[in-house]
Amino acid sequence: MILKAYSIYDRAARAYAQPFFAPSDGVAVRMVDATARDPSTNLARYPQDYMLYWVGSFDDQEGMFTRGDPVQIASVVGLLSEEQGDRSNDERVNVEETK
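Undergrad: Would you take a moment to explain the nonpolar core for this structure?
TA: The tendency in soluble globular proteins is for nonpolar side chains to be buried side by side. Formed by 16 residues in total, the largest nonpolar core has its most connected members in Tyr6, Ile8, Phe20, Val32, Leu43 and Leu52. Listed by contribution, the elements that provide at least two residues to this core are strand E1 (2-10), strand E3 (20-22), helix H1 (25-36), strand E4 (50-59), strand E5 (64-75) and helix H3 (76-81). For this core, the element with the most residues is H1, which contributes four residues. Ignoring any residue separated from it by four or fewer positions in sequence, one finds leucine 43 in contact with Ile8, Val32, Thr35, Ala36, Tyr50, Val76 and Leu80. One finds Ala5, Tyr9, Tyr53 and Val55 within the second-largest nonpolar core, a separate group that totals five residues.

Below, the structure is given as structure tokens:
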């Protein structure tokens, strides 16, 4: 199975966080959205500093990583400004599959 690799970019630190894996952009967005809504996290405290990026893929059959140029998927501010529920028509959150 090919899993997509994502990272959250922190503008204040000027660095990408350790990558995490999800099967699709939509699942990655949902994971970040849930974390950003937890008031105990830095994503909730400083949402303007964070953006979700696709950074590559991992093939668990071959054990191979494929690196890609980072592609912004969503901003945390954009996620938090949306009401809970369907975001499928939101231009700020592109749930179309990357690469």
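Undergrad: Where do I start with the pattern of salt bridges in this structure?
TA: Should their charged atoms come close, side chains of opposite charge can pair. By the definition in use, this model includes three salt bridges. In this structure, the salt-bridge partner of aspartate 25 is lysine 4, at a minimum N-O distance of 3.6 Å. Here aspartate 25, found in helix H1, pairs with lysine 4, found in strand E1; they are 21 residues apart in sequence, far enough to count as distant. The class for aspartate 25 is buried, based on a relative accessible area of 0%. Judged by relative accessible area, which is 8%, lysine 4 ranks as buried. Of the charged contacts in the structure, one is a salt bridge between aspartate 33 and arginine 37, with a shortest N-O distance of 3.0 Å. Residue class for arginine 37 comes out partly exposed when judged on its relative accessible area of 32%.

Undergrad: I tried to follow the packing of aromatic side chains on my own but got confused; where do I start?
TA: Pairs of aromatic rings are described using the distance from one ring centre to the other and the angle between the two planes. Evaluated as defined, the whole model comprises seven aromatic pairs. Taken together, a centroid distance of 6.4 Å and an interplanar angle of 80° make the contact between tyrosine 9 and tyrosine 53 edge-to-face. Separated by 44 residues along the polypeptide, tyrosine 9 in strand E1 and tyrosine 53 in strand E4 bring together distant segments of the chain. The exposure classification of tyrosine 9 matches that of tyrosine 53, with both residues buried. Residues phenylalanine 58 and phenylalanine 65 carry aromatic rings whose centres are separated by 4.7 Å and whose planes lie at 40° to one another, so their mutual orientation is tilted. Here phenylalanine 65 falls in the exposed class, since its relative accessible area comes to 59%. Three or more aromatic residues joined by ring pairs form one cluster here, namely Tyr9, Tyr16 and Tyr53.

Undergrad: Whenever I open this one, the pairing of E4 confuses me. Can you help?
TA: Side-chain direction in a regular strand flips from residue to residue, so the side chains alternate between the two faces of the sheet. Of all the ten residues making up E4, ten are buried; the element is thus mostly covered by neighbouring parts of the structure. Of the pairings in the sheet, the one linking E4 to E5 comprises eight bridges and is antiparallel in character. When the bridges of E5 are listed, aspartate 59 appears paired with methionine 64. Counting the residues in the hairpin turn of E4 and E5 gives four residues, including glycine 63, whose phi is positive at 70°.

Cut-offs used in this document
Residues numbered from 1 in each chain as written. Predicted model: local features only at pLDDT ≥ 70, side-chain atom pairs only at ≥ 80, totals over all residues. Heavy atoms only, no water. Core = buried A, V, L, I, M, F, W, Y, C linked by side-chain atoms within 4.5 Å. Buried < 20%, exposed > 50% of the residue type's maximum accessible area, 1.4 Å probe, protein only. Helix = DSSP H or I, 4+ residues; strand = E, 2+ residues; numbered from the N terminus. Contact = heavy atoms within 4.5 Å. Salt bridge = Lys/Arg side-chain N within 4 Å of Asp/Glu carboxyl O. Phe/Tyr/Trp six-rings, centres within 6.5 Å; stacked < 30°, edge-to-face > 60°. Pairing = 2+ DSSP bridges.

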